[in-house]
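Here is how the chains run, residue by residue.
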Number of protein chains: 2
Amino acid sequence: MNATPLVQSFVSHFGEMGSRWGINRTVGQIYALLFVSEKPLNADEIAERLSFSRSNVSMGLKELESWRLVRLQHYPGDRREYFSTPDDVWAIFKTLAEERKKREVEPTLTMLRGAMMETAGSEADRHAQARMKEMYQLIELVTTWFSDIQHMDVETLQRLMKLGSQVQKVLQFTQSLSKLTGRDTERE
Amino acid sequence: MNATPLVQSFVSHFGEMGSRWGINRTVGQIYALLFVSEKPLNADEIAERLSFSRSNVSMGLKELESWRLVRLQHYPGDRREYFSTPDDVWAIFKTLAEERKKREVEPTLTMLRGAMMETAGSEADRHAQARMKEMYQLIELVTTWFSDIQHMDVETLQRLMKLGSQVQKVLQFTQSLSKLTGRDTERE
DNA sequence: TCAAAGTTTCAGAAATTCCTGAAAATTGAG
DNA sequence: CTCAATTTTCAGGAATTTCTGAAACTTTGA
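Residues numbered from 1 in each chain as written. Chains lettered and ligands numbered in written order. Predicted model: local features only at pLDDT ≥ 70, side-chain atom pairs only at ≥ 80, totals over all residues. Heavy atoms only, no water.

Caption draft 1: Quick peek at the overall build of chain A. A count of helical and extended segments in chain A gives eight helices and three strands. For chain A, the succession of helices and strands along the chain, N to C, is α-α-β-α-α-β-β-α-α-α-α. Long-range pairs, those at least 24 residues apart, make up 51% of the contacts in chain A between residues at least 6 apart in sequence. (Helix = DSSP H or I, 4+ residues; strand = E, 2+ residues; numbered from the N terminus. Contact = heavy atoms within 4.5 Å.)

This is how it looks when you write it as structure tokens:
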């Protein structure tokens, strides 16, 4: 690899991390390299800098494309494809969350819904179903909330986050207000 | 495996999912089995129900213990150890979030801090550092917020989540209030 | 239509991770 | 302390995943 030590350590960290959760080392490193790169890179450049085979890079990029984490572009008079990552880190974060939701959460919810529909054949089954229901409700609550949040604009989101647990006070306050006015701010 | 089809499908789903992110198939299945089980199980029971070797189960349980996802207990007159998962799904969720933070987020933050301290040797390095800083700030904001939220009691948390994006309105409202009173609800 | 440039696919080698059985270590009752 | 019950460790075989080079495919410009 012919990168500065700075980029080097960033890239290898992402390699390791990548393999810690689903994505593999190659994919993690390619992403990291693109993320810190000043300008878009083509597949050969990536292969050279990371000393991976050209085909390995091709597969890695395909994987990253399926996660919608890279952007593809062309330069006039150059037939090669150049890759880069979106600039906005918030957007990246949202994309990641959406994809993980689609790949991990949704299938689980589907499975749980299915299991909850079955008629329980035993006391053990009945207990299992009750547990699955608890899990289902938690996951659903958390993910719905997450997608609510995703649709907020970045400013509000940042304000909310900076507010931190103080939001509790705001909530208590609005609740006492709603008691006075008789209107409830909660939906459903 | 000698489980009802209901439990069966739940357990194998967790096996698959497990391997999709870091944890392996065995570990995922053991966890799933314990999660829906009415009563605590000992290692032999687990091995038998999932048709894994006894030693594999032992390793899986050790892994789950390191994630603080299982609880260990003894019965009088029985020397074997019985395993179960905590009942409260919220507590489970929090534990999971804490552990992932410790294992995945913190090392990344440390690496980024290190990289940001280095003196950039080139224009490329300077750009890389700027990118890393953006990433650092995002991660820090999100995780601080997460831990703030974790310390809220479950009722408030649920209320907040049910409120969803409507929280935006509440925020706007409090902001206009704070303009009136001259006090700001944001910390820092 | 052809050739050159570039990209993707894929079979199998290499590397890694998982899993097992046997043996070692630990635990607790007597 | 001894012994049996139980748990853990670990070397190496099995299974899976990753990675490569060669070949196939695609695209574009002449």
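Caption draft 2: Representation of the sheet that holds strand 1 (residues 41–42) of chain B. Residue and element names in this part refer to chain B. Strand order in the open sheet formed by three strands is 1-3-2, with antiparallel pairing between adjacent strands. Every interior strand has two partners, whereas the edge strands, strand 1 and strand 2 (71–75), have only one. As defined by bridge partners, strand 1 adjoins strand 3 (residues 78–84) across two bridges and the pair is classed as antiparallel. The residue bridging Leu-41 from the neighbouring strand is Phe-83, located in strand 3. (Pairing = 2+ DSSP bridges.)

Caption draft 3: Representation of unusual backbone geometry. Even without a glycine there, the phi angle at A:Ser51 is positive, about 45°. Considering the arrangement of structural elements, one finds A:Ser51 in the loop between helix 3 (43–50) and helix 4 (54–66). One non-glycine residue, B:Arg68, lies in positive phi territory at about 55°. Checked against the element boundaries, B:Arg68 lands in the loop between helix 4 (54–66) and strand 2. Judged by relative accessible area, which is 41%, B:Arg68 ranks as partly exposed. (Buried < 20%, exposed > 50% of the residue type's maximum accessible area, 1.4 Å probe, protein only.)

Caption draft 4: Broad picture of the protein's contact with DNA strand C. Within the structure, DNA strand C sits among 16 residues, and A:Arg79, B:Thr26, B:Ser53, B:Ser55 and B:Arg79 are positioned closest to it. The protein-proximal atoms of DNA strand C, defined as those within 4 Å of the protein, are 60% sugar or phosphate. In the environment of DNA strand C, a phosphate oxygen lies 2.9 Å from a nitrogen or oxygen atom belonging to the backbone of A:Glu81. B:Arg79 is positioned such that a nitrogen or oxygen atom in its side chain is 2.5 Å from a base oxygen of DNA strand C. (Near = heavy atom within 4 Å. Polar contact = N/O pair within 3.5 Å; in protein donor to acceptor, adjacent residues only side chain to side chain.)

Caption draft 5: The packing of helix 1 (residues 5–20) of chain A against helix 5 (residues 89–117) of chain B, seen in detail. Two numbers describe how helix 1 of chain A lies on helix 5 of chain B: the axes approach to 10 Å, and their chain directions differ by 175°. On the basis of the axis angle, helix 1 of chain A is roughly antiparallel to helix 5 of chain B. Contacts between helix 1 of chain A and helix 5 of chain B involve A:Leu6, A:Ser9, A:Phe10, A:His13, A:Phe14, A:Met17 and A:Arg20 from the former and B:Arg103, B:Glu104, B:Pro107, B:Thr108, B:Met111, B:Leu112 and B:Ala115 from the latter. Looking at the contact of helix 1 of chain A with helix 5 of chain B, its residues break down into eight nonpolar, three polar and three charged. (Axes fitted to C-alpha atoms, helices over the stretch in contact; angles between N-to-C directions. Parallel < 35°, antiparallel > 145°, perpendicular 65-115°, else oblique. Nonpolar A, V, L, I, M, F, W, Y, C, P; charged D, E, K, R; others polar.)

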